[in-house]
Amino acid sequence: MLFYHRIFFSPEAKKTFHLALFLFLLPLFSCGFYKPTIVKTDFSTGDIEASVLRLIDEDEIFSAVALINLSHHNSFYPVKAVLVIKRPSYLRMELLPVIGVPDFFLSVSPEIMKIFIPSKGECYSGLPTVSNLNKFLPWQIDIEDMIMIFTGAYPSLKEEPVSYQMHHEDNLVRVEMKAPSGASQIIWIGENNKLFKLVRQDDTGENLYHVEYTYDNNNFPEKIKINFADETVSLSIKYSDVKIEKRKDLSIFDLAIPDHVNEIILE
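The rules behind the values
Residues numbered from 1 in each chain as written. Predicted model: local features only at pLDDT ≥ 70, side-chain atom pairs only at ≥ 80, totals over all residues. Heavy atoms only, no water. Helix = DSSP H or I, 4+ residues; strand = E, 2+ residues; numbered from the N terminus. Contact = heavy atoms within 4.5 Å. Core = buried A, V, L, I, M, F, W, Y, C linked by side-chain atoms within 4.5 Å. Buried < 20%, exposed > 50% of the residue type's maximum accessible area, 1.4 Å probe, protein only.

Trainee: Is there a simple way to explain the side chain of Ser107 in this structure?
Mentor: Position of Ser107 relative to the elements: it lies in strand 4 (residues 104–108). If near-sequence neighbours (up to four positions away) are discounted, Ser107 is found in contact with Leu91, Arg92, Ile112, Met113, Lys114, Phe253 and Leu255.

Laid out in structure tokens, this is it:
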């Protein structure tokens, strides 16, 4: 049974469809804003990773308040979120109703995914697979790709070797990447090495999703918009209070569940 249909999209649940993580972010918000490294673009070397603006390293934790507008089967759901993310596969989020305490908690690490719904006294746990994530989030994308997109970057093709073709398109550089299986993606890079657009395709050449990144006065995207090819799901994420800092303590990504809660194991 797909739980998100019950929690996220029923008329009764729309009041609780808000995300936050304030209880856990006080230490993060006390630190200064991160200044990303900008490197000179030189696509002649073929080193794409070194040519794109480096926003976050794997030893850093990203946190932000996010306003999310989700469209699902022509219904629209506004979301307020505070996210905590660490590459490659750590995520934590909470639902915050307009009034009251959070009633939905999600944590993901490489080993396990947990979902806690206090009002129902239920906890779901299982491997962080695409199918398990899709029970609670209305799109099919793996956690590593999701985290790269949410943190203003593009996901990697998980095969080697990846071939590259690059050329200028208007005032952007278009980079086409293709894996041996035929899976591919195209990215567009602009001024100051900023990533502006991404199109991901499967091994048959069919589009899976495309992403647009919008910037204000900072190097981190102010807004990220994702459209899935089946046209049933799209979402836009607008960030504020972005913090990126080095932090070794990863306990925030291990959701503590009260003893009295009924645990449901996901297959």
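Trainee: Just to check I follow, could you spell out the nonpolar core for this structure?
Mentor: The nonpolar side chains of soluble globular proteins are, as a tendency, buried together. Among the nonpolar cores identified, the biggest contains 58 residues, and Phe62, Leu91, Trp139, Met146, Ile149, Phe150 and Tyr239 are the most heavily contacted of them. Counting residues per element, this core draws most heavily on strand 13 (residues 233–246), which supplies six residues. Excluding residues within four positions of it along the chain, Phe150 makes contact with Phe62, Leu83, Ile85, Trp139, Phe220, Ile224, Ile226, Ile237 and Tyr239.

Trainee: Hey, could you run me through unusual backbone geometry in this one?
Mentor: Backbone phi values are negative for most residues with the exception of glycine, while trans is the configuration of most peptide bonds. Note the cis peptide between Arg87 and Pro88, where omega equals 5 degrees. When you line up the elements, Pro88 lands in the loop between strand 2 (75–86) and strand 3 (90–95). Note the cis peptide between Glu160 and Pro161, where omega equals -5 degrees. With respect to the element layout, Pro161 can be found in the loop between helix 5 (143–150) and strand 7 (163–169). One non-glycine residue, His73, lies in positive phi territory at about 50 degrees. Considering the arrangement of structural elements, one finds His73 in the loop between strand 1 (60–72) and strand 2. A relative accessible area of 51% places His73 in the exposed class. Even without being a glycine, Asn193 presents a positive backbone phi close to 65 degrees. By secondary structure assignment, the location of Asn193 is in the loop between strand 9 (184–189) and strand 10 (195–201).

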